[in-house]
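Results of the structural survey
Chain by chain, the residues:
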Amino acid sequence: QNRIRTVALSDFLNRMFYDCCRTMGADVGYAKGGGWGGPKGGDIDIAKPTQHVVEQSAVRVLQNGDVCAQFTVNLPARGRSIQGLKAVEIFGRTLPELVRKALVYTSLDAQVVTRHVLNVEDQEWVRSCLEMQGLVAFVPDGATLPRKSGADDTPMEDGGGESSESDNGGAQSGGGGGGRAGLSASL
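The residue count restarts for each chain, going from 1 along the sequence in the order it is written. In view of the model being predicted, local features appear only for residues whose pLDDT reaches at least 70, and side-chain atom pairs are presented and counted only at 80 or more, with totals across whole chains, interfaces and linings using the full set of residues. Only hydrogens and water are set aside when side-chain values are computed; all heavy atoms of the structure are taken into account.

Quick word on the packing of aromatic side chains
The condition is simple: Only rings of Phe, Tyr and Trp enter the pairing, Trp through its six-membered ring, and a pair is recorded when the two centres are within 6.5 Å. The plane angle decides the type: under 30 degrees is stacked, over 60 is edge-to-face, the rest tilted. Charge-over-ring contacts are defined here by two conditions on Lys NZ or Arg CZ: a distance within 6 Å of the ring centre and an angle within 35 degrees of the ring normal.
Taken as a whole, this structure holds one aromatic pair when the rule is applied. Residue placement shows Arg-22 over the ring face of Tyr-18; its charged tip is 3.8 Å from the ring centre.

Printed below as a string of structure tokens:
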């Protein structure tokens, strides 16, 4: 219906495809280390989703409602020869099942899809209100701010949760806190 919802739906479908690859074992293929003449390939993969919901090219919902997914299929091989029967299994069974489970709307939980899309839309609305309130950031109650590393978006285990009751520049809103422009904080 609008750009934000389209980006959110595309993000959701990318997450579903990524998760289905893992749960179906489609991301594994042959065990690594088969050497030059050993078996290799046979895996299906797509861009790993992060905590950020941004426009991306891995999965896109087009204006006409079609879904365009870009992923890799490493053909199964032994040495320099493609293993045709294994390739037929991937393209004839695994890939269609993966697409059906992850990208076909009737296979998805409509409430979960809607919740994801509306949450992203709400986040965008909160971001659009920050400047009007003289804020530069909003941190919801219970947010885990420390990350595993500078190159990893996942929260640090035992990183603690933030609360609006803590010092956040005097901005308390019950559902989180906002940092006022001009203030800086170290965690």
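Observations regarding the side chain of Asp-11
Using the following cut-off: The way it works is that DSSP assigns letters per residue, a run of H or I at least four long becomes a helix, a run of E at least two long becomes a strand, and they are numbered from the N terminus. Each residue is assigned to one of three classes by its accessible area relative to the maximum for its type, calculated with a 1.4 Å probe on protein chains only: buried under 20%, partly exposed between the two thresholds, exposed over 50%. The contact rule is simple, with two residues in contact once any of their heavy atoms fall within 4.5 Å.
Tracing the chain through its elements places Asp-11 in helix H1 (residues 3–24). What makes Asp-11 buried here is its relative accessible area of 3%. For Asp-11, the contacting residues outside a window of four places in its chain are His-52, Val-53, Gln-56 and His-116.

Details of the packing of H1 against helix H2 (residues 84–103)
Where we set the bar: Here an angle of 0 to 180 degrees is reported between the N-to-C directions of two axes, which are lines fitted to C-alpha atoms, with helices fitted over the stretch in contact. Angles are sorted into four bins: roughly parallel if under 35 degrees, roughly antiparallel if over 145, roughly perpendicular if 65 to 115, and oblique for all others. Crossing handedness is defined as follows: a turn of the near helix away from the far one that is anticlockwise and smaller than a right angle gives a left-handed crossing, while the clockwise case is right-handed.
Following both chains from N to C, one finds H1 and H2 inclined at 135 degrees, their axes separated by 8 Å at the closest point. As far as their axial angle goes, H2 and H1 are oblique. Crossing of H1 against H2: the hand is right-handed. Contact with H1, carried on its side by Leu-13, Met-16, Phe-17, Cys-20, Cys-21 and Met-24, involves Thr-94, Glu-97, Leu-98, Val-99, Lys-101, Ala-102 and Leu-103 of H2 and no other residues of that element.

Observations regarding H1
Which entries qualify depends on this criterion: Expected helix span is given by 1.5 Å per residue-to-residue step, counting one fewer step than there are residues. For the purposes of these results, a polar contact is taken to be a pair of N or O atoms within 3.5 Å, where, inside protein, one atom must be able to donate a hydrogen and its partner to accept one; residues adjacent in sequence count only when each atom of the pair is a side-chain atom.
Compared with an ideal rise of 1.5 Å per residue, which puts 22 residues at 32 Å, H1 spans 31 Å between its outermost C-alpha atoms and is within 8% of the ideal. The secondary structure elements touched by the buried residues of H1 are strand S2 (44–45), strand S3 (59–61), strand S4 (67–69), H2 and helix H3 (110–130). Among the residues of H1, the N-terminal cap falls to Asn-2, whose side-chain oxygen and the backbone nitrogen of Ile-4 are separated by 3.1 Å.

Section: the nonpolar core
To keep things clear, this is the line we draw: In plain words, nonpolar cores are sets of buried Ala, Val, Leu, Ile, Met, Phe, Trp, Tyr and Cys residues tied together by side-chain atoms within 4.5 Å.
Core analysis: the largest hydrophobic core is formed by 19 residues, its most contacted members being Leu-13, Phe-17, Ile-44, Ile-46, Leu-98 and Leu-103. Elements supplying a minimum of two residues to this core: H1, S3 and H2. In terms of residues, this core owes the most to one element, H1, which gives six residues. With sequence-adjacent residues up to four places away left out, Leu-13 is seen in contact with Val-59, Val-61, Val-67, Ala-102, Leu-103 and Leu-108.

Focus: the pairing of strand S10 (residues 152–155)
To keep it simple, the criterion reads: Paired strands, in this sense, are two strands between which DSSP finds at least two bridges.
Taken together, the two bridges between strand S9 (residues 147–149) and S10 define a ladder with antiparallel strand orientation. Across the sheet, the residue bridging to Arg-147 is Pro-155, located in S10. Counting the residues that bridge the hairpin from S9 to S10 gives two residues.

Looking at the sheet that holds strand S6 (residues 77–78)
Across the sheet, which stays open at both edges, the three strands sit in the order S1-S6-S7 with antiparallel pairing between neighbours. At either margin of the open sheet sits one strand with a lone partner, and together these are strand S1 (39–40) and strand S7 (81–82). Examined bridge by bridge, S1 and S6 share two bridges and lie antiparallel to one another. The residue bridging Lys-40 from the neighbouring strand is Ala-77, located in S6.

Some details on the confidence of the model for the protein
Close inspection of predicted coordinates is inappropriate in any region flagged by low pLDDT. Our working rule: pLDDT: the predictor's confidence for each residue, scored from 0 to 100.
Taken as a whole, the protein shows an average pLDDT of 82; of its residues, 79% reach a score of 70 or greater. Taken as a whole, residues 166–174 scores under 50 in pLDDT and shows 15 contacts with residues more than four places along the chain or in a different chain. For the stretch residues 182–187, pLDDT sits under 50, and the model shows three contacts to residues farther than four places along the chain or on other chains.

Brief notes about H3
Between its first and last C-alpha, H3 extends 31 Å over 21 residues, near the 30 Å set by a 1.5 Å rise per residue. When H3 is considered as a whole, its buried residues turn out to be Val-113, His-116, Val-117, Val-120, Glu-121, Cys-129 and Leu-130. Looking at the buried residues of H3, the elements they touch are H1 and strand S8 (135–140). For H3, the side-chain oxygen to backbone nitrogen distance between the N-cap and Gln-111 is 3.0 Å, and the N-cap itself is Asp-109.

Details of the pattern of salt bridges
Oppositely charged side chains may form a pair once their charged atoms are brought near each other. Rule in force here: Salt bridge criterion: a side-chain nitrogen from Lys or Arg within 4 Å of a carboxyl oxygen from Asp or Glu.
Counting across every chain of the model gives nine salt bridges. Here Lys-101 and Glu-97 are joined by a salt bridge, their closest N and O atoms 3.1 Å apart. Taken together, the residues span about one helical turn, with Lys-101 and Glu-97 both in helix H2 at a distance of four residues. Residue Lys-101 is classed as partly exposed on the basis of its relative accessible area of 30%. Connected via shared salt-bridge partners are Glu-89, Arg-93, Glu-97 and Lys-101.

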